[in-house]
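Descriptive analysis of the structure
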Amino acid sequence: MKPILWRVWHVVRWPLAVLVILYVAIVIYSFPHALEKEKTEETIARINAQKLTIENVNGEHLPPPPDPAQVDATIEGVDANANGIRDDVELAIFERYPDSPKIRAAELQYAMALQMELTQVFNSETWKAAVIQGSRGYACISETYPRTNLDEYFRITDARTEEVQQMLLNTSERKDKWNQIDEYATSFGLPNENLCDLDLNGLSN
């Protein structure tokens, strides 16, 4: 019996070894993909969960002026109050619109979305999630001015979106990162409802 078992083992050991090697290779190959899938799902959930609050608009937790040496030291910048809006941008919006909660709400939402595009995107799925939020913020700004005079409407709303973009993309590093994420561009449907995180009709001015 022993010689028979030996002969069987002698025949099957190499195919068995090949199967084991293939299994290990598949596991090693799949592991990074599984990690990226998990990271992607977590990032998309974080992007979708990030919403502007009335406390943000009312300035209840405004950050202190950031250290000038740290403001532009990184692409992320400083977010001391951890509300997803870069502190220098948040303070600038409050300075420009101290008496208009409505405009502050729309511009803060757009600034939050652009910050996510700059800092959270690393593949097509995260790009899509962030850009959808950016589209919502952009469209929300369009709700801050009446459409009674279309020429004036487009002039004002374009200026408001442009000023947020200029505040966010104020360094060459940030502009480069903004251009780089286009490599992940993919098709998506533009949202046409629930554009603003907060009801602008309930805010003054």
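Residues numbered from 1 in each chain as written. Predicted model: local features only at pLDDT ≥ 70, side-chain atom pairs only at ≥ 80, totals over all residues. Heavy atoms only, no water.

1. Notes on the pattern of salt bridges
The condition is simple: By definition here, a salt bridge exists when the distance from a side-chain nitrogen of Lys or Arg to a carboxyl oxygen of Asp or Glu is within 4 Å. Think of it this way: any DSSP run of H or I at least four residues long counts as a helix, any run of E at least two long counts as a strand, and we number them from the N terminus. When a residue's accessible area, from a 1.4 Å probe over protein chains only, is under 20% of the maximum for its type it is buried; when over 50% it is exposed; and in between it is partly exposed.
This structure, assessed with the given rule, holds seven salt bridges. Residue K37 is joined to E41 by a salt bridge in which the shortest nitrogen-to-oxygen separation is 2.6 Å. Placement of both K37 and E41 in helix α1 (residues 2-49) is noted, with a separation of four residues, approximately one turn of the helix. The exposure class of K37 is exposed, given its relative accessible area of 52%. When the shortest N-O distance is used, the salt bridge between R155 and E152 registers 2.6 Å. Of this pair, R155 and E152 are both found in helix α7 (residues 150-168), three residues apart, which corresponds to roughly one turn of the helix. Taking relative accessible area as the criterion, E152 reaches 26% and is therefore assigned partly exposed.

2. Focus: helix α5 (residues 101-120)
Quick note on the threshold: In this scheme, a helix's expected span is set at 1.5 Å multiplied by one less than its residue total.
Compared with an ideal rise of 1.5 Å per residue, which puts 20 residues at 28 Å, α5 spans 27 Å between its outermost C-alpha atoms and is within 8% of the ideal. With 18 of 20 residues buried, α5 lies mostly within the body of the structure.

3. A few points about the side chain of T144
Rules: A 3.5 Å cut-off defines polar contacts: any pair of N or O atoms within that distance qualifies, except that in protein one atom must be a possible hydrogen donor and the other a possible acceptor, and neighbouring residues in sequence count only when both atoms are side-chain atoms. In what follows, a contact means two residues having at least one pair of non-hydrogen atoms within 4.5 Å.
In this fold, T144 is placed in the loop between α6 (124-141) and α7. At 2.6 Å, the side chain of T144 and the backbone oxygen of I141 are in polar contact. In this structure the side chain of T144 is engaged in a polar contact, spanning 2.9 Å, whose partner is the side chain of R160. In contact with T144, not counting residues within four places along its chain, are K102, I103, A106, R160 and L200.

4. Observations regarding the nonpolar core
Put simply, the test is: The nonpolar core is taken to be a set of buried Ala, Val, Leu, Ile, Met, Phe, Trp, Tyr and Cys residues, with the residues joined through side-chain atoms within 4.5 Å.
Core analysis: the biggest nonpolar cluster contains 27 residues, and L52, I93, A111, V164 and L168 have the highest contact counts within it. Of all the secondary structure elements, the ones that give two or more residues to this core are α4 (87-96), α5, α6 and α7. For this core, the element with the most residues is α5, which contributes nine residues. For V164, the residues in contact, after removing those within four places along its chain, are E107, Y110, A111, L114 and I141. Core analysis: the second largest hydrophobic core is formed by eight residues, I47, M116, W127 and A129 among them.

Honestly, that's just the spatial picture; any functional story needs more than this.
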